[in-house]
Amino acid sequence: MNKQKRNICSETLNVFSDETLSILLSFFGVVINGVMGSNQLLRPRKVPKLFVFGDSYADTGNTKRDTEAWAIPYGITFPGKPSGRYCDGLIATDFLEKVLGAESPYLYRTHGRDKGLKRGMNFAFGGSKMLDSSPNSPFPNITAQVNFLVDLVLAGRVYGDITPSDVSLISYAGGDYIYYIDQNRPAAGLKALVEKVVDNLRVNMIVLGGLLFKKIAVTSLQPIGCLPSYTSASSFKSCNESQSALVELHNKLLKKVVAKLNEQSRVMKKEQHFFIIDIHNAFMTVMKNKGSKRFKNPMKSCCEGYCGRSSDGGKLYTLCDDPKSFFFWDAVHPTQEGWRSIYSVLGNPLTDFLTKP
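Here goes a summary of the coordinates provided.

Parameters and conventions
Residues numbered from 1 in each chain as written. Predicted model: local features only at pLDDT ≥ 70, side-chain atom pairs only at ≥ 80, totals over all residues. Heavy atoms only, no water. Helix = DSSP H or I, 4+ residues; strand = E, 2+ residues; numbered from the N terminus. Buried < 20%, exposed > 50% of the residue type's maximum accessible area, 1.4 Å probe, protein only. Lys, Arg positive; Asp, Glu negative; His and termini not counted. Salt bridge = Lys/Arg side-chain N within 4 Å of Asp/Glu carboxyl O. Contact = heavy atoms within 4.5 Å. Phe/Tyr/Trp six-rings, centres within 6.5 Å; stacked < 30°, edge-to-face > 60°. Lys NZ or Arg CZ within 6 Å of the ring centre and 35° of its normal. Pairing = 2+ DSSP bridges. Disulfide = S-S within 2.5 Å.

Our focus in this paragraph is the side chain of D55. Relative to the helices and strands, D55 resides in the loop between β1 (50-54) and α4 (92-100). Among buried charged residues, D55 stands out as having no salt bridge; its nearest opposite-charge side chain is K129, 9.7 Å away. Beyond its immediate stretch of four places on either side in the chain, D55 contacts A124, F125, G126, S128, S171, Y172, A173 and G174.

In structure tokens:
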């Protein structure tokens, strides 16, 4: 399926009501079932697999090697060199794998043409947004990423590898909003942007349901105003509250969407579970409670300046002595220790969702 057809398909799906879309994708699921083999599809696997879509909070190495995630000092904690993760070490996807008990999913960049997805796949690209994705963009948006999996399934290259124990995750860190704010666009347009982003998340979750995933997760939006790129104005002492309203609206609308999808699943007896991984609450809990004791300053980054970049005059950044004592790695992304703290807060509700039959 080429890009133009995929874009038309996505635009068409957006005009249907939830009920109509669910019916269409239920039929699509029957087709997928036939392509993949119903007996294989319904057989639980001992080792669940993870399929990930998103941005730099989830990307474990899909971006091209000219991005900062492939430059020193990224990866200094793990694996000891740059690995394409926007962090000093492990990120959210890595910790989610451990909670799920899954093997590390293949990268779309290296295994996108493989026949069979025996370990799941990470389709996330650092720098991706929900809406914008220009032709030949090195950062395909999240809808395009979901369509990569649709294409693999329709091409018969999955072969029964999606099972009831497998998990699909959409990780969204607000790239559209951050770009909008940084471009000094009018605040009056944010509400419409948030509504459009959340509606696209809704459509993509339903498409994943159409691929017969039984467990479909999406992240809440982290407190954007607490990122070092915005707390620098207060010398890293307080969050920028001007972004709070959009974050609150996004998470409120997302909660309604997920509740409605779960209700429809119950009524239609699909046995599909939609779940919000509440990283917003986890961020705030760590930064306000645990962070005040565990980290020197939970609003300041370990790598300050243009992390990973250099010029003829030398490095364009400064680096802390101990990343473990910082919650944030750079202006936007947590450290490995930051992500570890976040997933310790997420705890039992996340584990129950991931491991339920």
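The next subject is helix α7 (residues 175-182). Burial runs high along α7: 6 of the 8 residues are buried. All of the buried residues in α7 are G175, D176, Y177, I178, Y180 and I181. For α7, the elements touching its buried residues are α8 (190-210), α9 (228-231) and α10 (244-267). In the segment just after α7, N184 is the residue with positive phi, at about 55°.

Let's shift gears to the side chain of K129. Tracing the backbone shows K129 in the loop between β3 (121-122) and α6 (142-154). In contact with K129, not counting residues within four places along its chain, are N141, I142, G175, D176 and Y179.

The next point concerns the packing of aromatic side chains. Considering all chains together, one arrives at 16 aromatic pairs under this definition. For the pair Y74 and Y86, a centre-to-centre distance of 6.4 Å together with 75° between the ring planes defines the contact as edge-to-face. Taken together, the residues Y74 in the loop between β1 and α4 and Y86 in the loop between β1 and α4 connect sequence positions 12 residues apart. An angle of 90° between the planes, with centres 5.5 Å apart, marks the rings of F283 and F327 as edge-to-face. In this pair, F283 is assigned in helix α11 (residues 279-294) and F327 in the loop between β8 (314-319) and α12 (336-355), connecting sequence segments 44 residues apart. One aromatic cluster is present, formed by Y57, F283, F295, F327, F328 and W339 through successive ring pairs. Here the basic side chain of R65 rests over the ring of W70, its NZ or CZ set 4.0 Å away from the ring centre.

Right, let's get into the pairing of strand β7 (residues 303-311). Side chains on a regular strand alternate between the two faces of the sheet. In this sheet, β8 lies alongside β7 in antiparallel orientation, the contact comprising 5 bridges. Counterpart to G305 in the pairing with β8 is Y317. Linkage of β7 to β8, two consecutive antiparallel strands, is achieved through a turn of 2 residues.

Looking now at the state of the cysteines. Within the structure shown, the criterion is met by 3 disulfides. A sulfur-sulfur separation of 2.0 Å characterises the disulfide bridge that pairs C302 with C320. As the torsion about the S-S bond is roughly -85°, the C302-C320 disulfide counts as left-handed. Taken together, the residues span a long stretch of sequence, with C302 in the loop between α11 and β7 and C320 in the loop between β8 and α12 at a distance of 18 residues. For C320, a relative accessible area of 15% puts it in the buried group.

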